[in-house]
Amino acid sequence: MKGLLGIGTSVGLLAGAWTWVSVEAGLITWIAFVAWACFFAAGGGTEGLRKGLAANLAGLAWGYVISLVLELDSATWVLALSVTVVGFILCVESAWSVLSFIPGAFAGTAVFFGSAFDLTGSLVAILAGAALGLVSALLGARIQAAVDHHGSGVRPAAGPTPGAPAPA
């Protein structure tokens with residue numbers, strides 16, 4: 001439990017702040033939480049940011065392609081065929097390492113559909129969620145380090161002074 005205080009604190013504070021800001025600004029709050037989850041599910045750190053965000057954006061782009069097809073013909077069979085093709089693409093594009101997080105690609109498509117095809121709103125929220133993921137991880141690590149250092153009651157020993165002779 002103790003090892004989760006930093007990330008829990010940072011996520012809690014940032015989630016509350018995001019909710020307030022996004023609601024006041026008329027942004028799509030929940031989509032950022034999906035992208036934020038993808039950041040952690042893809043491994044966190046710079047790798048989670050890269051893979052989660054790239055996959056979310058690819059999924060969003062493919063969802064947008066489906067919406068364009070539906071403008072030409074909105075028959076159920078056209079939707080079903082479009083989703084079939086895009087589902088296949090979301091899997092095979094994962095051969096490219098930057099798009100290897102398949103759940104993120106499906107999440108990107110799903111949030112676009114869930115936003116009632118709001119491309120700009122979905123894009124802004126996905127970018128915000130990825131940023132929140134990275135900030136929460138960095139802030140969480142700092143908070144955790146402070147908690148661990150304070151809680152141990154032991155200060156780390158000072159290392160050698162650069163350029164000083166080694167002890168005999």
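Structure report, in brief. On a predicted model such as this, the values are computed, not experimentally measured, just so you know. (Residues numbered from 1 in each chain as written. Predicted model: local features only at pLDDT ≥ 70, side-chain atom pairs only at ≥ 80, totals over all residues. Heavy atoms only, no water.)

## Concerning the overall build of the chain
Each helix and strand counted, the chain has 6 helices and 0 strands in total. The order of α-helices and β-strands along the chain, N terminus first, is α-α-α-α-α-α. At a minimum sequence separation of 6, the contacts of the chain that also span at least 24 residues come to 71%. Roughly 9600 Å² of accessible area belongs to the chain as shown, and the carbon and sulfur atoms make up 73% of that amount. (Helix = DSSP H or I, 4+ residues; strand = E, 2+ residues; numbered from the N terminus. Contact = heavy atoms within 4.5 Å. Areas by Shrake-Rupley, 256 points an atom, 1.4 Å probe, with all protein chains shown as cover.)

## Quick word on the packing of helix α3 (residues 45-72) against helix α4 (residues 76-92)
The geometry of α3 relative to α4 is characterised by a closest axis approach of 10 Å and an angle of 160° between their N-to-C directions. For the element pair α3 / α4, the angle class is roughly antiparallel. Judged by the twist between their axes, the crossing of α3 over α4 is right-handed. Mapping the contact onto sequence places G59, W62, I66, V69 and L70 in α3 and V78, L79, S82, V83, V86, I89 and L90 in α4. (Axes fitted to C-alpha atoms, helices over the stretch in contact; angles between N-to-C directions. Parallel < 35°, antiparallel > 145°, perpendicular 65-115°, else oblique. Left-handed = near helix turned anticlockwise from the far one by under 90°.)

## So, the pattern of salt bridges
A complete count under the given rule lists 2 salt bridges for this structure. For E47, the salt bridge goes to R50, with nearest N and O atoms at 2.9 Å. Of this pair, E47 and R50 both sit in helix α3, 3 residues apart, which is roughly one turn of the helix. With relative accessibility at 36%, the residue E47 sits in the partly exposed group. On the accessibility criterion, R50 (32% relative accessible area) is partly exposed. Among the ionic pairs, K51 bridges to E47, the shortest N-O distance being 3.4 Å. (Salt bridge = Lys/Arg side-chain N within 4 Å of Asp/Glu carboxyl O. Buried < 20%, exposed > 50% of the residue type's maximum accessible area, 1.4 Å probe, protein only.)

## Re helix α2 (residues 29-41)
Taking 1.5 Å as the rise per residue, α2 with 13 residues should run 18 Å; its terminal C-alpha atoms sit 19 Å apart, in good agreement. Once α2 ends, the next one or two residues include G43, with phi positive near 115°. (Expected span 1.5 Å × (residues − 1).)

## What about the packing of α2 against helix α5 (residues 102-114)?
A packed helix pair is summarised by two numbers, namely the angle formed by the two axes and the spacing between the axes. Interhelical geometry of α2 versus α5 gives an angle of 180° and a closest axis separation of 10 Å. Our classification of the angle between α2 and α5 gives roughly antiparallel. Mapping the contact onto sequence places W30, I31, V34 and C38 in α2 and G104, A107, V111 and G114 in α5. A breakdown of the residues in the contact of α2 with α5 according to their chemical character gives 6 nonpolar, 2 polar and no charged. (Nonpolar A, V, L, I, M, F, W, Y, C, P; charged D, E, K, R; others polar.)

## Remarks on the packing of aromatic side chains
With the rule as written, the count across this model stands at 6 aromatic pairs. Geometrically, the ring pair formed by Y64 and F112 is edge-to-face, given 6.4 Å between the ring centres and 70° between the ring planes. In this pair, Y64 is assigned in helix α3 and F112 in helix α5, connecting sequence segments 48 residues apart. Looking at Y64, the relative accessible area reads 34%, which means it is partly exposed. Arranged with centres 5.3 Å apart and planes meeting at 65°, the rings of F112 and F117 form a pair that is edge-to-face. In this structure F112 comes out as buried when scored by relative accessible area, which is 0%. Taking relative accessible area as the criterion, F117 reaches 39% and is therefore assigned partly exposed. By way of ring pairs, the aromatic residues Y64, F112, F113 and F117 are connected into one cluster. (Phe/Tyr/Trp six-rings, centres within 6.5 Å; stacked < 30°, edge-to-face > 60°.)

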